[in-house]
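Each chain, written out:
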Amino acid sequence: MMSEVRTRFAPSPTGYMHIGNLRTALYTYLLAKKQGGKFILRIEDTDRERYVDGAVDVIYKTLRDCGLNWDEGPDIGGDYGPYVQSERMGMFKDYAEELVKKGKAYYCFCTKERLEELSAVQKASNISPMYDRHCRHLSQEEIDKNLAEGVPYVIRQAIPEEGSTTFHDEIYGDITVENSILDDQVLLKTDGMPTYNFANVVDDHTMKITHVVRGNEYLSSAPKYNLLYEAFGWEPPMYIHVEHIMKDAQHKLAKRDGDASFQDLLDKGYMTEAILNYILLLGWAPKGENEIFSLSEMIDAFDLSGISKSPAIFDPLKLKAINAHYVRAMAPEEFKEIAVPYIRRTCKRSDVDLDLLCSVLQPRAELFTDIPEQVDFIDKLPEYSTELYNNKKMKTDASTSLDALKKILPILENLGEFTQDSVHDALFKLIEEMGVKNGVILFPLRVALSGKQFTPGGGIELAVILGKEDSLARIKKGIELLENV
Ligand code: GLU
């Protein structure tokens, strides 16, 4: 029987959640949940130089907001803790010494100066810097003497001197590298602390992780990890390396691009569900046509065979289209609750029918942050050019528009009730009598009421939103402007 699937997301607390990392978290979560397994959160905070206060909370909050709830982790515990890497430090020395005993690792007493000199010489000769294995063949007496004298040391991995190492990746298949290109990397530092490359192997094994999803910047380290598993006699996890997210064909999506972190996208007005849905598709293709997935639908649909081997390019237009889908699918009350604060940034009038305004905004809304600009004409008619009345498609120009507004004005003036139905019926009666297309009447009305060619809702809705008095004043203003053309 296959053991329980246990996947882990192992972020370093950098202070922000890059969407590439969030995607790794999502795939990791889906992989576990798809198979009824456990999703584990491990904080990899051993790189103290990169440590930022509050950064762990960013990780917790992002994952929770996205619904990627973990089954074991620093805050909730579990059977394989601690779940913060810096709290696991005690055990690594023993593991490193176990490898020394097995002949798979060795003490290295080289000084910093010697190593710097070595790497300078290698660089000058265009050789990629690699440890020259100086300490690998020290005699037991020399080693014992150094240890007894307290000479500082690191423990290095003893890479086989010949042959090759193969590891299996679920996406890329078998990858084989010559051992001669693998460095005898440091496993345990002078201060007794593990390097990342050592810690992640021991942590994954001791936490019984069965699948590791990570960015493919780790592909080149994977053979060394496999050799470590082999050296311990442990079974390696299944590897799933995922491709980078690119800004364009040449550049990775970086924090400075402003689209790279989850928070950047929230700040731009994207909804959490839409972001998660979009990043699912950044590197994974569904089998069918449907691209809209809730988290639970993702669990059903996700499979490793859909993961892409080529880099994904971040496409803001596609993200916007997915966001639009989520905005339009909201219940009207839910939309209103979120939309009103955006409306209120530019529209302060208290007599506006917010339900009506929201009902015209929602079907066209893509992003909530677009709303303030869409409704900025309501409080005050902006200055506008009569050029706006020229519209080929609507078959309107200054003269037809002047005629239309002059006809509309008395009709609206004489309306008792000023509702969507009454305005609609009155204006459609006029359209019918004139035997013209709707746009000939309704488009000039929209321009006159808003000073814009594009608005949420058409002339009829705008008139009702603005109210009779304001609408009449704006129509008169339009007539005045057109008479002077
Ligand atoms: N802490 C590493 C990172 O944030 C995790 C890499 C891994 O998944 O092993 O890049």
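See the structure above.
Everything numeric in this text was worked out from a predicted model, so none of it was measured.

**Topic: the sheet that holds strand S3 (residues 105-108)**
Item 1. As summarised here, the arrangement of the three strands in space is S3-S4-S7, forming an open sheet in which the pairing is antiparallel. Edge positions in the sheet fall to S3 and strand S7 (186-188), since each has one partner strand and no second. Across this sheet, the average inter-strand angle for adjacent strands is 45°, counted without regard to direction.
Item 2. As judged from the two bridges shared by strand S4 (residues 154-157) and S7, these two strands associate in the antiparallel manner. Paired with Ile155 across the two strands is Leu188, which belongs to S7.

**Side note on the packing of aromatic side chains**
Item 1. For the coordinates displayed, the defined rule picks out 20 aromatic pairs.
Item 2. When the ring of Tyr107 is compared with that of Phe109, the centres are 6.3 Å apart and the planes differ by 20°; the resulting orientation is stacked.
Item 3. Taking the centre distance of 6.0 Å and the plane angle of 70° together, the rings of Trp284 and Phe293 count as edge-to-face.
Item 4. Each member of the aromatic cluster is reached from another via a ring pair, and the members are Phe92, Tyr95, Phe198, Tyr229, Phe232 and Trp234.
Item 5. Over the ring of Tyr60 we find Arg64, and its NZ or CZ is 5.8 Å from the ring centre.

**A few points about the nonpolar core**
Item 1. Of all hydrophobic cores here, the largest spans 109 residues; its most connected members are Leu26, Leu63, Leu68, Leu280 and Phe335.
Item 2. Sorting elements by how many residues they give to this core places helix H1 (residues 19-34) first, with nine residues.
Item 3. Residues in contact with Phe335, not counting those within four places in the same chain, are Val327, Met330, Cys358, Leu361, Gln362, Ala365, Phe368 and Ile371.
Item 4. Counting 40 residues, the second largest nonpolar core, distinct from the first, contains Ala96, Cys135, Phe167 and Leu188.

**Digging into unusual backbone geometry**
Item 1. Cis peptide bonds are those with omega within 30 degrees of zero, and the linkage from Gly81 to Pro82 qualifies with -5°.
Item 2. Examined against the element boundaries, Pro82 turns out to sit in the loop between helix H2 (55-66) and helix H3 (92-101).
Item 3. With a phi angle near 65°, Arg133 is a residue other than glycine that sits in the positive phi range.
Item 4. Its identity is not glycine, yet Lys208 carries a phi of approximately 55°, on the positive side.
Item 5. One can find Lys208 in the loop between helix H6 (196-206) and strand S8 (211-215).

**Comments concerning the pattern of salt bridges**
Item 1. Tallied over the full model, the rule gives 30 salt bridges.
Item 2. The salt bridge partner of Glu4 is Lys38, with a shortest N-O separation of 3.2 Å. Here Glu4 is found in the segment before strand S1 (6-9), whereas its partner Lys38 is found in strand S2 (residues 38-41), with 34 residues between them in sequence.
Item 3. Close ionic contact of Lys406 with Glu483 constitutes a salt bridge, the shortest N to O distance being 3.3 Å.

**A few points about the environment of Met434**
Item 1. By the element assignment, Met434 lies in helix H16 (residues 420-434).
Item 2. Accessibility expressed as a relative area gives 27% for Met434, which makes it partly exposed.
Item 3. For the pair formed by Met434 and Glu461, sequence separation is 27 residues and the distance between their alpha carbons is 22 Å.
Item 4. Once residues within four sequence positions are removed from consideration, Met434 is found in contact with Asp403, Lys407 and Ile441.

Cut-offs used in this document
- Residues numbered from 1 in each chain as written.
- Predicted model: local features only at pLDDT ≥ 70, side-chain atom pairs only at ≥ 80, totals over all residues.
- Heavy atoms only, no water.
- Pairing = 2+ DSSP bridges.
- Helix = DSSP H or I, 4+ residues; strand = E, 2+ residues; numbered from the N terminus.
- Axes fitted to C-alpha atoms, helices over the stretch in contact; angles between N-to-C directions.
- Phe/Tyr/Trp six-rings, centres within 6.5 Å; stacked < 30°, edge-to-face > 60°.
- Lys NZ or Arg CZ within 6 Å of the ring centre and 35° of its normal.
- Core = buried A, V, L, I, M, F, W, Y, C linked by side-chain atoms within 4.5 Å.
- Buried < 20%, exposed > 50% of the residue type's maximum accessible area, 1.4 Å probe, protein only.
- Contact = heavy atoms within 4.5 Å.
- Salt bridge = Lys/Arg side-chain N within 4 Å of Asp/Glu carboxyl O.

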